[in-house]
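Here's the letter readout for the chains.
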Amino acid sequence: MKIAFGSDHAGIELKLFLMEHLKEQGFECVDYGNYDPNERGDNYPEPGRKVAEAIRAGEAERGVLVCGTGLGISLAANKVPGIRACVCSEPYTASMSVRHNNCQIVSMGARVVGRELAAMIVDTFFSSTFEGGRHAMRVDMISQIERDYGMEKA
Ligand code: RB5
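Residues numbered from 1 in each chain as written. Predicted model: local features only at pLDDT ≥ 70, side-chain atom pairs only at ≥ 80, totals over all residues. Heavy atoms only, no water.

**Notes on the overall build of the chain**
Scanning the chain for helices and strands turns up 6 helices and 5 strands. The secondary structure elements of the chain, listed N-terminal to C-terminal, are β-α-β-α-β-α-β-α-β-α-α. Against the compact-globule benchmark of 15 Å for 154 residues, the chain has a radius of gyration of 15 Å, which places it among compact chains. Across the 154 residues that make up the chain, the buried fraction comes to 50%. For the chain, the distance from the average position of its 17 positive side-chain charges to the average position of its 21 negative side-chain charges is 5 Å. (Helix = DSSP H or I, 4+ residues; strand = E, 2+ residues; numbered from the N terminus. Rg over C-alpha atoms; globule rule 2.2 N^0.38 Å. Buried < 20%, exposed > 50% of the residue type's maximum accessible area, 1.4 Å probe, protein only. Lys, Arg positive; Asp, Glu negative; His and termini not counted. Charge placed at Lys NZ, Arg CZ, Asp CG, Glu CD.)

Structure representation (structure tokens):
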């Protein structure tokens, strides 16, 4: 599986750790930035958007985003039609975000979770499977909101 990674300056270190962690398990990991923790203007909306667009374009199947809280970068990703990104601070939510919500992106806060907890979160996220059925109907109701606002479904 190919995974797209993105972070702002606050999330670079945890992002690089998680990329190595998942590479060791055989995942193909691609970094969509940002790359320099000291760079001026190193903001979270761009990497959130880039990772979401990579998934929408089929360049990657899933994504991992990291900023200070996981919030800003996930909010940006969720603006891309068809993308569902969730902030997770523990494995239960990471599991349910896939099993019930069919999220493609897991987002974390580097100022919230430590390395070991973050590794547990991504391991849970990537070992979970969408259950479909009644959950598919509910996820499509989310897509319907996008269609109602003139945004096509991914
Ligand atoms: C940067 O200070 C911080 O605002 C950012 O990393 C993120 O937490 C925003 O949601």
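**Describing the site of the ligand**
As a matter of local geometry, the ligand sits amid Asp8, His9, Ala10, Tyr44, Cys67, Gly68, Thr69, Gly72 and Arg111. Between Arg111 and the ligand, the recorded distance is 3.2 Å, taken from a side-chain N or O atom to an oxygen atom. Broken down by class, the residue content of the shell around the ligand amounts to 3 nonpolar, 4 polar and 2 charged. (Near = heavy atom within 4 Å. Polar contact = N/O pair within 3.5 Å; in protein donor to acceptor, adjacent residues only side chain to side chain. Nonpolar A, V, L, I, M, F, W, Y, C, P; charged D, E, K, R; others polar.)

**Remarks on the nonpolar core**
Grouped together as the largest cluster of nonpolar side chains are 25 residues, with contacts concentrated most on Phe5, Leu18, Leu22, Val64, Met108, Val122 and Phe126. Residue assignment for this core shows that the elements contributing at least two residues are β1 (2-7), α1 (12-23), β3 (62-67), α4 (91-99), β5 (105-109) and α5 (115-126). Looking at which element gives the most residues to this core, the answer is α5, with 6 residues. Those residues in contact with Phe5 that lie beyond four places of it in its chain are Lys15, Leu18, Met19, Leu22, Cys29, Val30, Asp31, Tyr32, Gly33, Val51 and Val64. (Core = buried A, V, L, I, M, F, W, Y, C linked by side-chain atoms within 4.5 Å. Contact = heavy atoms within 4.5 Å.)

**A look at the packing of α4 against α5**
Between two packed helices, both the angle of their axes relative to each other and the distance between the axes serve to describe the pair. Two elements in contact, α4 and α5, have axes whose closest approach is 8 Å; the angle formed by their N-to-C orientations is 20°. Classed by the angle they form, the pair α4 and α5 counts as roughly parallel. Like other packed secondary-structure pairs, α4 and α5 cross with a definite hand, here right-handed. Residue-level inspection shows Pro91, Ala94, Ser95, Ser97 and Val98 of α4 in contact with α5, the latter providing Leu117, Met120, Ile121, Thr124 and Phe125. In terms of residue class, the contact of α4 with α5 is built from 7 nonpolar, 3 polar and no charged. (Axes fitted to C-alpha atoms, helices over the stretch in contact; angles between N-to-C directions. Parallel < 35°, antiparallel > 145°, perpendicular 65-115°, else oblique. Left-handed = near helix turned anticlockwise from the far one by under 90°.)

**Thoughts on α1**
Here α1 contains 12 residues, and its C-alpha end-to-end distance of 16 Å stays within 8% of the 16 Å for a straight helix at 1.5 Å per residue. For α1, every residue scored as buried is listed here: Ile12, Leu14, Lys15, Phe17, Leu18, Met19, His21 and Leu22. Packed against the buried residues of α1 are β1, β2 (28-31), β3, β5 and α5. (Expected span 1.5 Å × (residues − 1).)

**Regarding the pairing of β1**
Within β1, 5 of the 6 residues are buried, which leaves the element mostly enclosed by the surrounding structure. Note that β1 and β2 share 4 bridges and pair parallel. Each bridged residue has a counterpart across the sheet, and for Ile3 the counterpart in β2 is Cys29. In this region the chain leaves β1, passes through α1 and returns to the parallel neighbour β2; the handedness of that crossover is right-handed. Here 5 bridges tie β1 to β3, and the two strands are oriented parallel to one another. (Pairing = 2+ DSSP bridges. Right-handed = clockwise from strand over helix to strand, strands pointing away.)

**Looking at the pattern of salt bridges**
Two side chains of opposite charge can pair, provided their charged atoms sit close to one another. For the structure shown, the criterion picks out 6 salt bridges. Here Glu20 and Lys23 are joined by a salt bridge, their closest N and O atoms 3.5 Å apart. Of this pair, Glu20 and Lys23 both sit in helix α1, separated by 3 residues, roughly a single helical turn. Its relative accessible area of 42% is what places Glu20 among the partly exposed residues. Look at Lys23 and you get partly exposed, because its relative accessible area is 40%. Linking Glu53 and Arg49 is a salt bridge whose minimum nitrogen-to-oxygen distance equals 2.8 Å. Of this pair, Glu53 and Arg49 both sit in helix α2 (residues 45-56), 4 residues apart, which is roughly one turn of the helix. With a relative accessible area of 35%, Glu53 lands in the partly exposed category. (Salt bridge = Lys/Arg side-chain N within 4 Å of Asp/Glu carboxyl O.)

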